[in-house]
Amino acid sequence: MSGSDASRYRFDAGVTRWREGLGRVRDAVRQELVARQLSSLLAQDPGTSARALDLGCGRGTQAILLARPGYEVVGVDLSEEILGVAPAAAMAEPGVIRRRLHFKREDALDLPRSYRNRFDVVCCHGVLMYVPSLAAEADAVVRTARPGGLISLLTRNPAGVAMRA
């Protein structure tokens, strides 16, 4: 991560702790709750040209969930270390699903112009609490969604037991 990236995000110090939490009960419960909620909103057959973006994709859980019904998915993460986990998780999926998954190192606040108005579904889960400007990140998320697309934002929430830190 370059110096400018490091000054914009506060997640670097938490990478080790994030990796240690993978597969624990709290992580499994959170992932299941998110998967159920997201699945209830998705088209069962999104069509052959449906595209999804998973910003801050981490290990690729939601990207994989989106690829299963047919979305062509781009999963992006700023952390090379975290992004390295996603392809390994995708390897457990059948080839047809793996071919729909594309993982890239990108800065969610500085995405390429080609991402604008491109995606039918945009997920940004567990990222907003690490960026310096909620408004800037929300704007970046909205710019990537096509008109009428679905946007799913999730962040820690001290009022919700499952999403507490």
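Keep in mind it's a predicted model, so treat the numbers as computed, not measured. (Residues numbered from 1 in each chain as written. Predicted model: local features only at pLDDT ≥ 70, side-chain atom pairs only at ≥ 80, totals over all residues. Heavy atoms only, no water.)

### Some words on the overall build of the protein chain
Applied cut-off: The helix count covers DSSP runs of H or I at least four residues long, the strand count covers runs of E at least two residues long, and both are numbered beginning at the N terminus. Under the scheme applied here, a residue whose accessible area is under 20% of the maximum for its type counts as buried, over 50% as exposed, and between as partly exposed, the area being computed with a 1.4 Å probe on protein chains only. Pairs of residues are marked as contacts when any of their non-hydrogen atoms sit within 4.5 Å. Working definition of accessibility: Shrake-Rupley area with a 1.4 Å probe, residue cover restricted to the visible protein chains.
A tally of helices and strands in the protein chain yields eight helices and five strands. Counting helices and strands in the order they occur from the N terminus, the protein chain gives α-α-α-β-α-β-α-α-α-β-β-α-β. Burial analysis of the protein chain (165 residues in total) assigns 42% to the buried set. Considering only contacts in the protein chain between residues 6 or more positions apart, those separated by 24 or more positions represent 74%. When the accessible surface of the protein chain is totalled, it reaches about 8,900 Å², and 52% of it is carbon and sulfur.

### Section: the pattern of salt bridges
For clarity, the cut-off: We define a salt bridge as a contact between a side-chain nitrogen of Lys or Arg and a carboxyl oxygen of Asp or Glu at a distance within 4 Å.
With the rule as written, the count across this model stands at four salt bridges. Taking the shortest distance from any N to any O, the salt bridge between E93 and R68 comes out at 2.6 Å. Taken together, the residues E93 in the loop between α6 (85–90) and α7 (95–98) and R68 in the loop between α4 (61–67) and β2 (72–77) connect sequence positions 25 residues apart. In this structure E93 comes out as buried when scored by relative accessible area, which is 11%. The exposure class assigned to R68 is partly exposed, which follows from its relative accessible area of 47%. The partner of E80 in a salt bridge is R105, and the shortest N-O contact between them spans 3.5 Å. Of this pair, E80 sits in helix α5 (residues 80–83) while R105 sits in strand β3 (residues 101–105), and the two are 25 residues apart along the sequence.

### A closer look at the layout of surface pockets
Basically, it comes down to this: Method remark: on a 1 Å grid restricted to protein atoms, a set of points is classed as a cavity if a 1.4 Å probe fits but cannot get out and as a pocket if it is open with protein on both sides within 12 Å along at least five of seven lines; lining residues have an atom within 4 Å of a point. Grid points are joined across faces, edges and corners, and a volume is the space filled by probe spheres set on the points.
Approximately 160 Å³ is the volume attributed to the second largest pocket. For the second largest pocket, the full set of lining residues is L33, V34, Q37, L38, L41, H125, L150, I151, S152, L153 and L154. Among the secondary structure elements, those contributing two or more residues to the lining of the second largest pocket are α3 (25–41) and β5 (145–154).

### Re the packing of aromatic side chains
Note the threshold: Two rings from Phe, Tyr or Trp (for Trp, the six-membered ring) form a pair when their centres sit within 6.5 Å of each other. Planes less than 30 degrees apart are called stacked, planes more than 60 degrees apart edge-to-face, and all others tilted.
On inspection of all chains with the given rule, the structure shows one aromatic pair. Geometrically, the ring pair formed by Y115 and F119 is tilted, given 5.8 Å between the ring centres and 55 degrees between the ring planes. On the basis of relative accessible area, Y115 is assigned to the buried category, the value being 3%.

### Things to note about the state of the cysteines
To keep things clear, this is the line we draw: We call a pair of cysteine sulfur atoms a disulfide whenever their separation is within 2.5 Å.
Under the criterion given, the structure shown has zero disulfides. C124 forms no disulfide, and the closest cysteine sulfur to it belongs to C123, at a distance of 8.9 Å. For C124, a relative accessible area of 0% translates into the label buried.

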